Amino acid sequence: MDGLSQMMFTLAAVGVPVLGLAGLYCLLFCKGEEHYKHLVRTAAVFLGAAGLLTGGGAVLGLFGLAWRSGPSVALFGVMLVSSWIGVVLTVICLLPRQWPMTGVVLRRAVKGAFLFLAVLVLLVSLWLGPFLMMFAFGDTERVVEYQGQTLLEVDDGFMDPHWSYYVYHGPLVRGKERVYDEYSPLWG
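Notes on the structure in this doc start here. It should be emphasised that the depicted structure is a prediction, and the values quoted were computed from it without experimental measurement. (Residues numbered from 1 in each chain as written. Predicted model: local features only at pLDDT ≥ 70, side-chain atom pairs only at ≥ 80, totals over all residues. Heavy atoms only, no water.)

### A word on the pattern of salt bridges
Once the charged atoms of two side chains with opposite charge are near each other, the side chains can pair. Test applied: Salt bridge criterion: a side-chain nitrogen from Lys or Arg within 4 Å of a carboxyl oxygen from Asp or Glu. The way it works is that DSSP assigns letters per residue, a run of H or I at least four long becomes a helix, a run of E at least two long becomes a strand, and they are numbered from the N terminus. For the exposure calls, accessible area comes from a 1.4 Å probe over protein chains only, and a residue counts as buried if that area is under 20% of its type's maximum, exposed if over 50%, partly exposed in between.
Inspection of the entire model under this criterion finds two salt bridges. R142 is the partner of E153 in a salt bridge, and the nearest nitrogen-oxygen pair spans 3.0 Å. With E153 in strand β3 (residues 149–155) and R142 in strand β2 (residues 140–146), this residue pair connects regions lying 11 residues apart in the sequence. Residue class for E153 comes out buried when judged on its relative accessible area of 6%.

Right, here's the structure in full:
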């Protein structure tokens, strides 16, 4: 990765918490504006999906379970889309605001830097988000029977096929611990 790309990814990584704080600012101080209700709904959807994906995953882990690929992809996709909408609504909230205690030059510089970070985060996440969805959460799954036990077969290999088998627990969750994993399927 060249220096410019590395700098852009670093700025995007810095921009995420900055945009989060800006969104929080808008939720606290933009009440009564027409886009406020949309920002509240978007934040609720994002936090709900994030809570289910991470918090639900932690609770499932206590019981020896884990999310299957389908729910993970759906929750991550909801988080991704709601974050894109939230960034746009935050920009709509912050750019027209006036800060009477600051000078015009400083106010324009801060708004320009904020707009730059927002556009950069949107562009990087529009490019990187679907790849994460595909590769991090998009493993191919199939329910199989082996020696009288129902297992979930997961092809979690990247370039070459690699099969992992987990205890089947339904359409949303699976066992957390691998029963078997190898570069060839159980019956091949």
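### Some thoughts on the nonpolar core
Note the threshold: Here, the term nonpolar core denotes a set of buried Ala, Val, Leu, Ile, Met, Phe, Trp, Tyr and Cys residues that are joined through side-chain atoms within 4.5 Å. The criterion used for residue contact is that any of the two residues' heavy atoms lie within 4.5 Å.
Of all hydrophobic cores here, the largest spans 30 residues; its most connected members are L19, C26, L53, W67 and F114. When residues of this core are assigned to their parent elements, the largest contribution, 10 residues, is made by helix α3 (residues 69–94). Contact partners of F114, with chain neighbours within four places excluded, come to L19, A22, T90, V91 and L94. In terms of nonpolar packing, the next biggest core, distinct from the first, is built from five residues, V144, L151, W163 and Y165 among them.

### A few points about the state of the cysteines
Spelled out, the test is: Only a pair of cysteine sulfur atoms within 2.5 Å counts as a disulfide in this structure description.
A full pass over the atoms with the stated rule returns two disulfides. The residue that forms a disulfide with C26 is C93, at a sulfur-sulfur distance of 2.5 Å. Sign of the S-S torsion, about -110° for the bond between C26 and C93, identifies this disulfide as left-handed. Of this pair, C26 sits in helix α1 (residues 3–29) while C93 sits in helix α3; the two residues are 67 residues apart in sequence, bridging distant segments of the chain. By the burial criterion, C26 is buried, and C93 matches it. Taking relative accessible area as the criterion, C93 reaches 0% and is therefore assigned buried.

### Some details on the pairing of β2
Filter applied, for reference: Only strands that DSSP links by at least two bridges are regarded as paired with each other.
The pairing of β2 with β3 spans seven bridges and is classified as antiparallel. Bridge assignment links V143 to a residue of β3, and that residue is L152. Where β2 folds back on β3, the antiparallel hairpin that results is connected by two residues, among which Q147 adopts a positive phi of roughly 50°.

### What to know about the packing of helix α2 (residues 36–62) against α3
Here is the rule we go by: Note on geometry: axes are C-alpha line fits, over the in-contact stretch for helices, and angles between N-to-C directions span 0 to 180 degrees. For classification purposes, angles smaller than 35 degrees are called roughly parallel, those larger than 145 roughly antiparallel, those between 65 and 115 roughly perpendicular, and all remaining angles oblique. Whether a crossing is left-handed or right-handed is set by the direction in which the near helix is turned from the far one by less than a right angle, anticlockwise for left-handed and clockwise for right-handed.
At their nearest, the axes of α2 and α3 sit 8 Å apart, and the two run at 150° to each other. On the basis of the axis angle, α2 is roughly antiparallel to α3. Our pair here, α2 against α3, has a crossing hand that is left-handed. From α2, H38, L39, T42, V45, F46, A49, A50, L52 and L53 reach across to α3, where they touch S72, L75, F76, V78, M79, S82, S83, I85, G86, L89 and T90.

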